[in-house]
Amino acid sequence: MAVTIEELYRNYGILADAKPEDLSQHKDAYQVILDGVKGGPKEKRLAAQFIPKFFSSFPELADAAINAQLDLCEDEDVSIRRQAIKELPRFAAGENIVRVADILTQLLQTEDSAEFNQVNTALVSIFKMDAKATLGGLFSQILQGEDIVRERAIKFLSIKLKTMPEDAMTKEVEDYIFTETKKVLEDVTGEEFVLLMRILMVLKGLQTMSGRQQLVELVVEQAFLEQALNPADPDTVDRLLQCTRQALPLFSKNVHSTRFVTYFCDHVLPNLSSLTSPVAELDIQLEVLKLLAEMSPFCGDMEKVETNLTMLFEKLLEFMPLPPEAEGENGENTLSDEPKLQFSYVECLLFSFHQLGKKLPDFLIDKINAERLKDFKIRLQYFARGLQVYIRQLRVALQGKTGDALKTEENKIKVVALKITNNINVLIKDLFHNPPSYKSTVTLSWKPVQKAEAVALKRPSGEDMGAGSTMKKQLSPPLPRRDARQIYNPPSGKYSATIGNFSNGEGDFINWVARGLNAE
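Computed from a prediction, not measured in an experiment: that's the story for all the values here. (Residues numbered from 1 in each chain as written. Predicted model: local features only at pLDDT ≥ 70, side-chain atom pairs only at ≥ 80, totals over all residues. Heavy atoms only, no water.)

Before going further, it helps to examine the overall build of the protein. Along the backbone of the protein there are 21 helices and zero strands. Within the protein, the fraction of its 520 residues that count as buried is 52%. Counting only contacts in the protein whose residues sit at least 6 apart along the sequence, the fraction spanning at least 24 positions is 74%. Summing over all exposed atoms, the protein offers an accessible surface of approximately 24,500 Å²; the carbon and sulfur share of this is 49%. (Helix = DSSP H or I, 4+ residues; strand = E, 2+ residues; numbered from the N terminus. Buried < 20%, exposed > 50% of the residue type's maximum accessible area, 1.4 Å probe, protein only. Contact = heavy atoms within 4.5 Å. Areas by Shrake-Rupley, 256 points an atom, 1.4 Å probe, with all protein chains shown as cover.)

Okay, structure coming up:
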């Protein structure tokens, strides 16, 4: 016979009136309350409140009590589930904490938003009681639970961990998180990898130089840098991109990017044109060139500097055309004959070449034969000549524009175009020095603009033209997504001549800008 409301209240009264030292003598009364989970909705709601209140007084009934509360957490009535979940932290004592954390982690799979928030609140509550034990329950489900539970448990940690009180995040707790996360990283999806790195980056012990080095080693393992790249496999390419993006904020003058830069020179650049993009709208070639450019300032000593510089040099030549043979009456190229200039690609490759060139400053003098060097300088000259025209036109177009005027799509494009052309101009000037110089500094065009920088609204001198602030490493977690670090990035991933719909066409958007400026 099912327990009634009256019986629940009567037995609750017996337990509530008993002296603490005498409570254990009323085991039968507590059993009646446990049996309340088999009653109707009203009985279940009362049982959900009464069971945890006297739980600690009956250790011999602990398993039965937790199981009874768990039954209520799985009830069909959402209001009963919420009440039972709300009370679960009261069972979290001693050895029970891991079990309660495990139960709450499984309950993250609910589709009811209020219930989901209740589970989150309960997990945070027991985390503050015993962080390591709670993490034990969470990681148990991450490693062995259902896919949806694993996914939500990882997201819970990635969001909540940074909000936990400092006294809960002891060195022992942080070490445990690092150890367990390494186990999870043995088999992860791309999204999970990003979230797990976000978890690790909030750990104070890993924010030191040695800690960042540990994280880089972890990313290196995930990136499979000891294996050759299969450019036709989008999953392989995506893994490399994800790992490189996660490693980028970790690099500094003391935490080097050498292994990644070397891998890009050995395996990525030779296969640049055959890379298969994991995302349809992503210009995969430009994306990897941007990543290489961002890593290059933090490259340490390399075993094959000359080989890597040669690869960059060869790739740079592919994107820097020779002047057209036939010229118009005024000595200027006709539009139809004008080579397609990939300014965005050239910025990345020139910057990377300029950075690695510091390690072997005599490369263009001693390692390149005279004919090839002459050919290279002709290409540089042709590029530089076009740059001066574009820079002047862009400056005129942006002259006097401030505030909202600079936020229009057209002017955003022109601002980025000006940054790209300025950067290339500065780097080409360095390479035209005799001997070539590698002293100038520029800020890559997609990096955030500093407030102090004017967007070419003043007319700087020729020497200052295009100079940027010294590049500094950004260490703010969480790691950005693919396009988050760009000032402006069309969906196509590169600036195209067909600017109207941003489709992946040949040429470069600066040609379009220039044509528009000429028409004004």
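What follows continues from the structure just given.
This paragraph deals with the packing of aromatic side chains. Using the criterion set out here, one finds 14 aromatic pairs in the structure. Of the aromatic side chains, those joined through ring pairs into one cluster are Y9, Y12, F50 and F54. Over the face of the ring belonging to F54 we find K53, whose NZ or CZ atom lies 6.0 Å from the ring centre. (Phe/Tyr/Trp six-rings, centres within 6.5 Å; stacked < 30°, edge-to-face > 60°. Lys NZ or Arg CZ within 6 Å of the ring centre and 35° of its normal.)

So, about the side chain of E180. Relative to the helices and strands, E180 resides in helix α10 (residues 171–184). Taking the relative accessible area as the measure of exposure, E180 reaches 8% and is therefore buried.

Let us look at helix α15 (residues 284–295). The first and last C-alpha atoms of α15 sit 17 Å apart over twelve residues, in line with the 16 Å expected at 1.5 Å per residue. Burial of α15 is extensive: twelve of the twelve residues sit out of reach of the surface. Contacts made by the buried residues of α15 are with α13 (234–247), α14 (258–268), α16 (305–319) and α17 (343–357). If you check the start of α15, you find a side-chain oxygen 3.2 Å away from the backbone N of Q285, and it comes from D283. (Expected span 1.5 Å × (residues − 1). Polar contact = N/O pair within 3.5 Å; in protein donor to acceptor, adjacent residues only side chain to side chain.)

With respect to the secondary-structure elements, E192 resides in helix α11 (residues 190–201). The class of E192 is buried, set by a relative accessible area of 12%. Not counting residues up to four positions away in its chain, the partners in contact with E192 are R150, I154 and D187.

With that settled, the discussion passes to the pattern of salt bridges. A complete count under the given rule lists 24 salt bridges for this structure. Note that E306 is salt-bridged to K367, the shortest N-O span being 3.7 Å. In this pair, E306 is assigned in helix α16 and K367 in helix α18 (residues 363–367), connecting sequence segments 61 residues apart. When its relative accessible area of 37% is taken as the criterion, E306 is described as partly exposed. A residue is classified by how much of its surface remains accessible, and K367, at 39% relative accessible area, is partly exposed. The shortest N-O distance in the salt bridge between R379 and D375 comes to 2.7 Å. Separated by four residues within a single helix, R379 and D375 lie in helix α19 (residues 370–398), roughly one turn from each other. Beyond isolated ion pairs, a larger network of salt bridges with shared partners links E151, K155 and E191. (Salt bridge = Lys/Arg side-chain N within 4 Å of Asp/Glu carboxyl O.)

On to α10, then. With 14 residues, α10 should reach 20 Å at 1.5 Å per residue; the first-to-last C-alpha distance of 20 Å fits that figure. Restricting attention to buried positions, one finds in α10 the residues V173, E174, Y176, I177, F178, E180, T181 and V184.

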